[in-house]
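As a plain string of letters, each chain reads:
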There are 4 protein chains.
Amino acid sequence: MAGNSFGTLFRFTTWGESHGPAIGVVVDGCPSLLPLAESDIQPWLDKRRPGQSRYTTQRQEPDQVRILSGVFEGRTTGTPISLMIENTDQRSKDYGDIASKFRPGHADYTYWKKYGIRDYRGGGRSSARETACRVAAGAVARAVLGSAITVRGALVQIGPHKVDRARWDWAEVDNNPFFCPDAQAASQWADYLDGIRKSGSSVGAVVEVVASGVPVGLGDPLYDKLDSDLARAMMTINAVKGVEIGNGFDAASLTGEENADEMRAGPEGEPLFLSNHAGGILGGISTGQDVVVRFAVKPTSSILTPRRTIDVNGAETDILTKGRHDPCVGIRAVPVGEAMMACVLADHLLRQRAQQGR
Amino acid sequence: MAGNSFGTLFRFTTWGESHGPAIGVVVDGCPSLLPLAESDIQPWLDKRRPGQSRYTTQRQEPDQVRILSGVFEGRTTGTPISLMIENTDQRSKDYGDIASKFRPGHADYTYWKKYGIRDYRGGGRSSARETACRVAAGAVARAVLGSAITVRGALVQIGPHKVDRARWDWAEVDNNPFFCPDAQAASQWADYLDGIRKSGSSVGAVVEVVASGVPVGLGDPLYDKLDSDLARAMMTINAVKGVEIGNGFDAASLTGEENADEMRAGPEGEPLFLSNHAGGILGGISTGQDVVVRFAVKPTSSILTPRRTIDVNGAETDILTKGRHDPCVGIRAVPVGEAMMACVLADHLLRQRAQQGR
Amino acid sequence: MAGNSFGTLFRFTTWGESHGPAIGVVVDGCPSLLPLAESDIQPWLDKRRPGQSRYTTQRQEPDQVRILSGVFEGRTTGTPISLMIENTDQRSKDYGDIASKFRPGHADYTYWKKYGIRDYRGGGRSSARETACRVAAGAVARAVLGSAITVRGALVQIGPHKVDRARWDWAEVDNNPFFCPDAQAASQWADYLDGIRKSGSSVGAVVEVVASGVPVGLGDPLYDKLDSDLARAMMTINAVKGVEIGNGFDAASLTGEENADEMRAGPEGEPLFLSNHAGGILGGISTGQDVVVRFAVKPTSSILTPRRTIDVNGAETDILTKGRHDPCVGIRAVPVGEAMMACVLADHLLRQRAQQGR
Amino acid sequence: MAGNSFGTLFRFTTWGESHGPAIGVVVDGCPSLLPLAESDIQPWLDKRRPGQSRYTTQRQEPDQVRILSGVFEGRTTGTPISLMIENTDQRSKDYGDIASKFRPGHADYTYWKKYGIRDYRGGGRSSARETACRVAAGAVARAVLGSAITVRGALVQIGPHKVDRARWDWAEVDNNPFFCPDAQAASQWADYLDGIRKSGSSVGAVVEVVASGVPVGLGDPLYDKLDSDLARAMMTINAVKGVEIGNGFDAASLTGEENADEMRAGPEGEPLFLSNHAGGILGGISTGQDVVVRFAVKPTSSILTPRRTIDVNGAETDILTKGRHDPCVGIRAVPVGEAMMACVLADHLLRQRAQQGR
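Residues numbered from 1 in each chain as written. Chains lettered and ligands numbered in written order. Predicted model: local features only at pLDDT ≥ 70, side-chain atom pairs only at ≥ 80, totals over all residues. Heavy atoms only, no water.

In this section: the relation of the copies chain C and chain D. Of the transformation placing chain C onto chain D, the axial shift is 0.0 Å and the rotation is 180°, giving an RMSD of 0.0 Å. These values place the two chain copies in the arrangement generated by a two-fold rotation axis. When each C-alpha of chain C is compared by its distance to the rotation axis, Arg232 of chain C comes out closest, at 2.4 Å. The residues that chain C uses at the interface reappear at the interface of chain D in 100% of cases, marking a shared surface. (Least-squares fit on C-alpha atoms with pLDDT ≥ 70 in both. Contact = heavy atoms within 4.5 Å.)

This is the structure in structure tokens:
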């Protein structure tokens, strides 16, 4: 059934295949009177755009966004905002192998079985190209959040190599091609990923997204909790296999004493939390602390080493994926994760205002 | 806004506080003509019911379910199935501390800030007692899934202690008070948890839920993927801080070669997967393999060691939680996780039938 | 699929059959801190309750509502409000004819074909008894609307006999058993309906519901317009076959000059409308004028005159419906229509606050 | 909040303003493998297109539809179908009066008050131009319905002049510029409407839409009934002020004897209804008879006669609307009503298959 929309009050719907004429997103429910221009959206798309370093796919797409509706004289009108990105790099080529064989670990097989048909050109609907639409929607969400709420992402692990949190510096994120907050790790990753890339292999990664300035009270228990919506949001991103909030899986190893975020009184009686094991969410509702989400991205299945598979006729064969590919798709997932966080927060900001009037 | 419903076609809505007269769930969208009686639901509630070993809270609730609508002459009618469980253990007692102080790591503070009021008796709406309603809904979902699909859960980690997967035996799950599939680990856990319990502490855990017999094709990309719905589902359970599918976070450390699930041809041309790193889901759609989900449960914040906090007036104070509590809430999360898995699958089974007619 | 919920932000879900143990409604999304007690709900149920005059069914049900959740110390908590009404008049009796034969004009046949099973006792789920749940939800909605918004209903036509709008007096509505605003018409209707009742026949009616004090700006074009939600709302009420806003079908006969609601400037620059042909809604958004909805209720199909029909085996037969019935079900539809109006307005009040912050 | 989508399983979302670069619709949830090309959609758009007779606006728009996604090699893929229509007639002109004054009976005032801003060029989002998107979505819906279900519409009243049902001939609908099934009435209307047009006035109308071949069992009581969804659907169309099913408002004047649709047994035990007062829907579920819906369209507020109004500053003034306009917008509402009927049926066909498997 219809499954290409996300959000309830701030809601977007994406469409498009990687090799069709265009992809796009319709953002519905955006409050009116917000300043919005294509130049507010384009920088985020540029951040996600491939081909900017040797660590992402060399496919070249300008990813130029057009606003087709919902903005009048520079401000949102409260009506649907239609954003479109034309596909320019859709030259005809030989998809022979991908068209008839299933890549192990890819959605080829499941799309084919579910729908009985699939647009096999470049991944079709399952292509990571669709995430450009999320990034565009996220830029609109940022306009809703305003300047008081900041959403930032970083890559915290590539393959087995994690950042050292003692060296965390947000300013470093823009200084390397990995969105890495640890300059030393970034340099290590460069060597490591060169090896992966040259061998035609791929590797997984972990992304962390942090939202600061989120007011206390966002999230609708029990089934539209802030964390459950974030978990859903991140898990919809291509190749994501795990999501955690705050301490996440490490919380399993802790005792209640260790995991509690104790409180002292701030100058106006508000709590000063002494730690943030909870990742800014308790009972599905934001605490006012930083909201911290991490997600794991698996290695892409498009690799040069042949893997055993079957074809659409059920015959056994091998497959290897030539051509441009991402040695670590987790890198470009950083701006996508940020966008999804922004959209979830925008939706819950409106939800809270609806129910509680503030 | 309204946030107490789960599912789209197979949809349930829960209500009730831990110390009100009753809790309940309305299951809407269930196909008609399915055999259903209270005796089909009660065993699952009994499995979740507290007070069955010294490792769960000693609170005694019979958790007797009543079917109030939607079933006629032993079969579902296709109309809403209303299930109610009366609260019998709601004796008046002194909630003084909990009423005025915030337990660190608990939803006390966020509910109070979001709503400006909260039913502080026994956790009110945020109490794990609500999960009984999920288990009841899950029993109805199992009727939808039929006997070809099996949903089973197990505890795979308590505190730092994991099961040994080489010793995994589903039959063991019912032989110990932990739903542990590894007899040796269960025995180790008993000692460990006795220590936690006696010191008035608590500890986290990891639950794994596995669905077998799931047909290929379930899940609606891109935003109602099977895995994103499962992530949301599990993250709505009290105290859950992380969710992963298949390899999950470990996938971050793997290469594309290691993570691929290669395929050989089965006798009728269907794929025989040589591994299941994907946890039975590719591109958000089930592969036909076992669907494997894990989630991390944090330690409960109700502990005997005093923790620093503030009260509703913003004054600094300490709090410790006396009385009956769960040393490891993860144990009782096992049947809850199973129920949520069953509900997600029932919903997607109907969704797939809607769109694709099978 | 799941179809027993109404509303988006202020959302209710009803359950129950006329001859099961109880019926009920769960109201989700209600703002917190609103004063609410059973005594705020009961008067509206009493207004709808049958058996209060000889013009409605003599079935006796106290329709005593219980609040099972969502209210703490006299105020709403923002969590689901579960309301339950026990069925006391569910004595066993012979339903033979209704069980096996289809009443022409009744939902007997369609339920049976759709679901393959139906609870035939007293109409089961299709019974007008369910409307008590709507009225209960409507009472909660009124708490959301507050005192500035008034929702009132009246019967404006029974059979061919209409009220004279020149004699309209809201105060009369409570002075006769018809909710009739025209004392003279009420007296005429009494005679007319006695005839219908004595002959075991039934007759249709038209209900008008008016909301005053509705602020300008409610309604979400283009598909969740205020009028389209009202049309849907009223059409869900049993036996309703038509809905109109303002001039409604009469607008078809008018010219643009006649149908325009001209404006003059009020003391503070706000418009003073010189008429209200639009029924308070333009472009799907409230204008600030009275919102005026009318709906037509068909005569009940439960009559004493035999009608030709078939039975569940496809054999031709006749049917007549003995026992207690409503000569004009439209009468009791008045409080139901009010309740649905209140629920639609409450939902849109929250929706507007969400998007536009006021 | 987000209000620009319609449908649940078969769901469409529209976007665009009348004078922006384009308008469009995203259809989500469409089953895969259906043959679909632009040439399947274009004829329905051509039917709705203005400027085809002197009785509709002379605005010239080719309304050429493009399929941007969701179709591969001539068949639907089950992914979102994005349809776009470029606006070619968007020349800059003087909107002075409309920009600053409110047309009585138009959405000018309410949009301005709701959003604080509006795209006043040609009606912006509230323009009837958006209905082209509905027609495009309706064409896709027809592909879902298949050839067994037919959806046809006709104009049955213009101003005070109704068709004579004794002369009803579906074949006549395409023989006159009014979609009128009664040749004699069509000729009368031509004279009448010439007068309206020449005087710069406008007039209302009534449209009837009939679906044949609808299987018994569609509709989800109690709040997603087939008739309540149809009522909502039709009421979302611009200028619609009333909706009725079958006998509609006339049912108010009838007795139970008159209104019952008696049944005889057909050759295979299925019912043969002796009449169709119910309009093919009982208890919110289709009976298998023709589904019959009528809706009233008010006269457009764009007329040449000056009307009293205020401007955006609250000052009193007059307004008259020059230029191209529709003397009877009801005419072009016929294909729009058909499209909405098709979309509702497609949605419920999928819903029924989901819950009941057929």
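Contact residues are listed per partner, giving 44 residues for chain B and 44 residues for chain C. Both faces combined, the contact of chain B with chain C buries some 3400 Å², and carbon together with sulfur accounts for 66% of it. Between the two partners, chain B and chain C, sit twelve residue pairs in polar contact (both at pLDDT 80 or more). Broken down by element, the side of chain B that touches chain C gets its largest block of residues, four residues, from strand β2 (residues 11-15) of chain B. Taken together, the residues that form the side of chain B that touches chain C break down as 17 nonpolar, 17 polar and ten charged. (Buried area = accessible area lost by both parts, 1.4 Å probe. Polar contact = N/O pair within 3.5 Å; in protein donor to acceptor, adjacent residues only side chain to side chain. Helix = DSSP H or I, 4+ residues; strand = E, 2+ residues; numbered from the N terminus. Nonpolar A, V, L, I, M, F, W, Y, C, P; charged D, E, K, R; others polar.)

Here we come to the interface of chain C and chain D. How big an interface is tends to be expressed through the accessible area that disappears when the partners come together. Between chain C and chain D, the residue contacts involve 112 residues of the former and 112 residues of the latter. A per-residue breakdown of the area chain C buries against chain D is headed by Met1, Lys114 and Tyr223 of chain C, which together make up 11% of the total. If you look at where chain C meets chain D, you find ten salt bridges. Between Arg307 of chain D and Glu262 of chain C there is a salt bridge; the shortest N-O distance is 3.8 Å. The interface formed by chain C and chain D holds 68 residue pairs in polar contact (both at pLDDT 80 or more) in total. Its residues assigned to classes, the side of chain C that touches chain D comprises 49 nonpolar, 37 polar and 26 charged. In terms of strand pairing, strand β11 (residues 240-245) of chain C meets strand β11 (residues 240-245) of chain D through three bridges, oriented antiparallel. Its bridge partner lying in β11 of chain D, Glu244 of chain C is registered against Gly242 of chain D. (Salt bridge = Lys/Arg side-chain N within 4 Å of Asp/Glu carboxyl O. Pairing = 2+ DSSP bridges.)

A word on the pairing of strand β10 (residues 205-212) of chain A. Two faces, one strand: in a regular strand the side chains alternate between the faces of the sheet. Residues and elements named next belong to chain A. Along β10, eight of the eight residues are buried, which leaves the element largely enclosed by surrounding structure. In this sheet, β10 lies alongside strand β8 (residues 150-158) in antiparallel orientation, the contact comprising eight bridges. Its bridge partner being in β10, Ile158 is matched across the sheet by Ala205. Where β10 and strand β16 (residues 291-297) come together, seven bridges link them in antiparallel fashion. Residue pairing for β16: Glu208 is matched across the bridge by Arg294. (Buried < 20%, exposed > 50% of the residue type's maximum accessible area, 1.4 Å probe, protein only.)

None of this, on its own, says anything about what the molecule does.
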